[in-house]
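# Structure assessment
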Amino acid sequence: QVKLQQSGAELVKPGASVKLSCKTSGYTFSTSYMSWFKQIPGQSIEWIGMIYAGDGGTGYNQKFKGKATLTVDTSSSTAYMDLSSLTTEDSAVYFCARGTEWGQGTLVTVSS
Amino acid sequence: DVVLTQTPPTLSATIGQSVSISCRSSQSLLDSDGDTYLNWLLQRPGQSPQLLIYSVSNLESGVPNRFSGSGSETDFTLKISGVEAEDLGVYYCMQATHAPWTFGGGTKLELK
């Protein structure tokens, strides 16, 4: 059974960075892609980008280049997303997803 | 970027009623490989999105067959033949033919 377990909610100050995690189980992590999405509560969903765990190759939505950095740790079957130079516009729920499976989401709140 | 326009934004239905949601794309979603990467997802209140239909008309495993998808190129439809209480939430169309992947604005299905 595929499972994606995301890290807990974050409260961060403007200008700071945060690293979100997505720990996986139930499938071969090293030969799969992982996508990340952003959803401001009450709004639609945006695709941030994806990473291939086999070689760390990435593809980003141009809108999120410089904002999000995707990485993986194959030894722990975990995907990460770094968000930098946070502003209030980055306050949202962030999801990881692989194929048809989605994580439960991580709420990031940017506030002073 | 590809713009997906969903209508209606809100849909009120009674249990057992059949309903349809439209998704129109700003450009053809027919890929050069012959497939059309238009998916439908449901996000129930407080939950992660769930894939219902992929590539226009293919029912995801475990999804009830009262859900069906149709369409081609730029016009797509999701039909629910006999709404049940568990179907309430926000429906999104999503395209993965053109980078970046994009989502429609959502259609909220509620009980009348």
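My aim in this report is to walk through the structure given alongside it, one point at a time. (Residues numbered from 1 in each chain as written. Chains lettered and ligands numbered in written order. Predicted model: local features only at pLDDT ≥ 70, side-chain atom pairs only at ≥ 80, totals over all residues. Heavy atoms only, no water.)

The interface is formed by 16 residues belonging to chain A together with 12 residues belonging to chain B. Sorting the residues of chain A by area buried against chain B places Ile45, Trp47 and Trp102 of chain A first, and these three jointly supply 42% of that buried surface. Taken together, the connections running from chain A to chain B amount to zero salt bridges. Linking chain A with chain B are five residue pairs in polar contact (both at pLDDT 80 or more), by the criterion used here. Going through the elements one at a time, β4 (33–39) and β5 (45–52) of chain A are the ones with two or more residues in the side of chain A that touches chain B. Take the side of chain A that touches chain B: its biggest share by element is four residues, from β5 of chain A. (Contact = heavy atoms within 4.5 Å. Buried area = accessible area lost by both parts, 1.4 Å probe. Salt bridge = Lys/Arg side-chain N within 4 Å of Asp/Glu carboxyl O. Polar contact = N/O pair within 3.5 Å; in protein donor to acceptor, adjacent residues only side chain to side chain. Helix = DSSP H or I, 4+ residues; strand = E, 2+ residues; numbered from the N terminus.)

Before going further, it helps to spend a moment on the nonpolar core. In this structure, Leu20, Met34, Trp36, Met81, Leu83 and Tyr94 of chain A are the most contacted members of the largest nonpolar core, which totals 25 residues. If you list the elements that add at least two residues to this core, you get β3 (18–25), β4, β5, β7 (68–73), β8 (78–83), β9 (92–98) and β11 (106–110) of chain A. Not counting the four nearest positions on each side in its chain, leucine 20 of chain A is found in contact with Ser7, Glu10, Trp36, Ala79, Tyr80, Met81, Leu83, Tyr94, Thr106 and Val108 of chain A. Among the nonpolar cores identified, the runner-up in size contains 23 residues, and Leu52, Phe67, Leu78 and Leu109 of chain B belong to it. (Core = buried A, V, L, I, M, F, W, Y, C linked by side-chain atoms within 4.5 Å. Buried < 20%, exposed > 50% of the residue type's maximum accessible area, 1.4 Å probe, protein only.)

The next thing to look at is the environment of phenylalanine 103 of chain B. Mapping phenylalanine 103 of chain B onto the fold places it in strand β10 (residues 102–103). Residues phenylalanine 103 of chain B and serine 20 of chain B, 83 residues apart in the sequence, show an inter-C-alpha distance of 18 Å. With residues near it in sequence (within four places) discarded, phenylalanine 103 of chain B still touches Phe37, Ser44, Ile45, Glu46, Trp47 and Trp102 of chain A together with Leu4, Leu41, Tyr92, Cys93 and Met94 of chain B.

Attention now moves to the packing of aromatic side chains. Under the definition given, this model contains six aromatic pairs over all chains. Their ring planes at 35° and their centres at 6.3 Å tell us that phenylalanine 67 of chain B and tyrosine 91 of chain B sit as a pair that is tilted. In this pair, phenylalanine 67 of chain B sits in strand β7 (residues 67–72) while tyrosine 91 of chain B sits in strand β9 (residues 89–95), placing the two residues 24 residues apart along the sequence. When its relative accessible area of 0% is taken as the criterion, tyrosine 91 of chain B is described as buried. Connected via pairs of aromatic rings, a cluster forms that spans Phe37, Phe95 and Trp102 of chain A together with Phe103 of chain B. Here the guanidinium or amino end of lysine 19 of chain A rests over the ring plane of tyrosine 80 of chain A, the centre of that ring lying 4.7 Å away. The positively charged end of arginine 98 of chain A is found above the aromatic ring belonging to tyrosine 27 of chain A, 4.0 Å away from the centroid. (Phe/Tyr/Trp six-rings, centres within 6.5 Å; stacked < 30°, edge-to-face > 60°. Lys NZ or Arg CZ within 6 Å of the ring centre and 35° of its normal.)

Right, let's get into the sheet that holds strand β1 (residues 4–7) of chain B. Residues and elements named next belong to chain B. Reading across the sheet, the four strands line up as β1-β3-β8-β7 and stay open at both edges, with antiparallel pairing between neighbours. Looking at strand neighbours, the two that pair on one side only are β1 and β7, the edges of this open sheet. Neighbour-to-neighbour, the strand axes of the sheet open up by a mean angle of 20°, direction not taken into account. As judged from the four bridges shared by β1 and strand β3 (residues 19–25), these two strands associate in the antiparallel manner. In the sheet register, glutamine 6 faces β3, and the bridge partner there is cysteine 23. (Pairing = 2+ DSSP bridges. Axes fitted to C-alpha atoms, helices over the stretch in contact; angles between N-to-C directions.)

Here glutamate 60 of chain B shows up in the loop between β6 (58–59) and β7. Arginine 98 of chain A provides the closest opposite charge to the buried, unpaired glutamate 60 of chain B, separated from it by 9.2 Å. Residues in contact with glutamate 60 of chain B, not counting those within four places in the same chain, are Thr100 of chain A together with Leu51, Leu52, Ile53 and Tyr54 of chain B. (Lys, Arg positive; Asp, Glu negative; His and termini not counted.)

Considered as a void within the structure, the largest pocket measures approximately 410 Å³ in volume. Taken together, 19 residues line the largest pocket, and the ones lying closest to its centre are Gly99 of chain A together with Asn39, Met94, Ala96 and Trp101 of chain B. Elements supplying a minimum of two residues to the lining of the largest pocket: β4 and β9 of chain A together with β4 (38–43) and β5 (50–54) of chain B. Looking at the lining of the largest pocket element by element, the count peaks at four residues for β4 of chain A. Of the residues contributing to the lining of the largest pocket, the split by class is 13 nonpolar, five polar and one charged. Counted as a void, the second largest pocket has a volume near 290 Å³. Breaking the lining of the second largest pocket down by element, the ones donating at least two residues are β9 of chain A together with β9 of chain B. Looking at side-chain class alone, the lining of the second largest pocket contains six nonpolar, nine polar and one charged residues. (1 Å grid on protein atoms, 1.4 Å probe; cavity = no way out; pocket = protein on both sides within 12 Å on 5 of 7 lines; lining within 4 Å. Points joined across faces, edges and corners; volume = space filled by probe spheres on them. Nonpolar A, V, L, I, M, F, W, Y, C, P; charged D, E, K, R; others polar.)

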